[in-house]
Each structure stands twice: as structure tokens, then as C-alpha cells.
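Spelled out from the first residue to the last, the chains are:
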Amino acid sequence: MPVDYVKLGERIRARREKARMSQAELASAADISTQHISNIENAKTKVSLERIVDIANILNCSVDELLCDSLVKARVIYMNEVAGLIESFSDVEMRALPEFLRCYSHFSKLLENRIQSNDV
């Protein structure tokens, strides 16, 4: 499976913003130019493995977290991401979540079946 550089860039940007870092701060810490960080975040350049490791270490996350959209076995990463998202949910949002997920599961299966029937 090829690396999804668009998703990689989006995840780097999200982690950087969560860390309240500017592109310039991340670039300085990674010893690269601000323009290069911008190009990585906007998928205008392919970033080396060494640089991904540097960025992950600076952003205090795993390389898996940054590359999970390109991994076949990334379920645990997505589960942790969802768990992190729901930590900030209100009681009302938590009550609605199971029903939303049941509906999502139903529509996801319908969409998957439709896609498979169009491929035949």
C-alpha cells in the first residue's frame, strides 16, 4: 500500500496544532525549513522516513499515528484516536454516540455493498 502523503500531512498538521506549535517552531526543532514543513503538510513533497521519525519524536507521537492511513493493520491506532476524541464529549453526546454508531454501521454496510456491486 502506498503512503498517503495527503493524510500524512493532515495528521502532522493536526498534531502540530494540538501541540500549539507553529510551522516555524516544528521546522526549527526538526532542523529543516518552514517551507519544507509547509510542503509536507500540504503533500507537495515526499518526506523521508528519517524526517517522519524526527517529526514524530518532536510531536510526541508514534510514527504509526502519523502513517496509520497508509497501514493495513491500523485498527488499534484508530481506536485510540476515537477514545481520545470522546474524552471531551458531554454526557448528552455520550448518550447519543451508541445510536449514532449503530446507524453509521448500518449505512456503512449499505455503502460497502453498493460499491462492491458496482465493481462487478
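Presented here is an overview of the structure given in this document. On a predicted model such as this, the values are computed, not experimentally measured, just so you know.

How each quantity is defined
- Residues numbered from 1 in each chain as written.
- Predicted model: local features only at pLDDT ≥ 70, side-chain atom pairs only at ≥ 80, totals over all residues.
- Heavy atoms only, no water.
- Buried < 20%, exposed > 50% of the residue type's maximum accessible area, 1.4 Å probe, protein only.
- Helix = DSSP H or I, 4+ residues; strand = E, 2+ residues; numbered from the N terminus.
- Arc of directions from axis to C-beta.
- Contact = heavy atoms within 4.5 Å.
- Patch = residues over 30% accessible without salt bridge, like charges linked within 9 Å, V, L, I, M, F, W, Y side chains within 5 Å.
- Areas by Shrake-Rupley, 256 points an atom, 1.4 Å probe, with all protein chains shown as cover.
- Salt bridge = Lys/Arg side-chain N within 4 Å of Asp/Glu carboxyl O.
- Axes fitted to C-alpha atoms, helices over the stretch in contact; angles between N-to-C directions.
- Parallel < 35°, antiparallel > 145°, perpendicular 65-115°, else oblique.
- Nonpolar A, V, L, I, M, F, W, Y, C, P; charged D, E, K, R; others polar.

Moving on: helix α2 (residues 23-30). Of the residues making up α2, those classed as buried are Leu26, Ala27 and Ala30. Within α2, the buried residues cover an arc of 100° as seen down the axis, which keeps them to one side. Buried residues belonging to α2 abut α1 (5-18), α3 (34-41) and α4 (49-58). Positive backbone phi, approximately 60°, marks aspartate 31, located one or two places after α2.

Moving on: a nonpolar patch on the surface. Together, Phe100, Leu101 and Tyr104 line one region of the surface with nonpolar side chains, adding up to about 350 Å² of accessible area. Its location among the elements puts tyrosine 104 in helix α7 (residues 91-119).

In contact at an axis separation of 8 Å, α2 and α3 are set at 110° when each is read in the N-to-C sense. Judged by the angle between their axes, α2 and α3 are roughly perpendicular. Seen from α2, the contacting residues are Gln23, Ala24, Leu26 and Ala27; seen from α3, they are Thr34, Ile37, Ser38 and Glu41. When the residues that make up the contact of α2 with α3 are grouped by side-chain class, the tally is four nonpolar, three polar and one charged.

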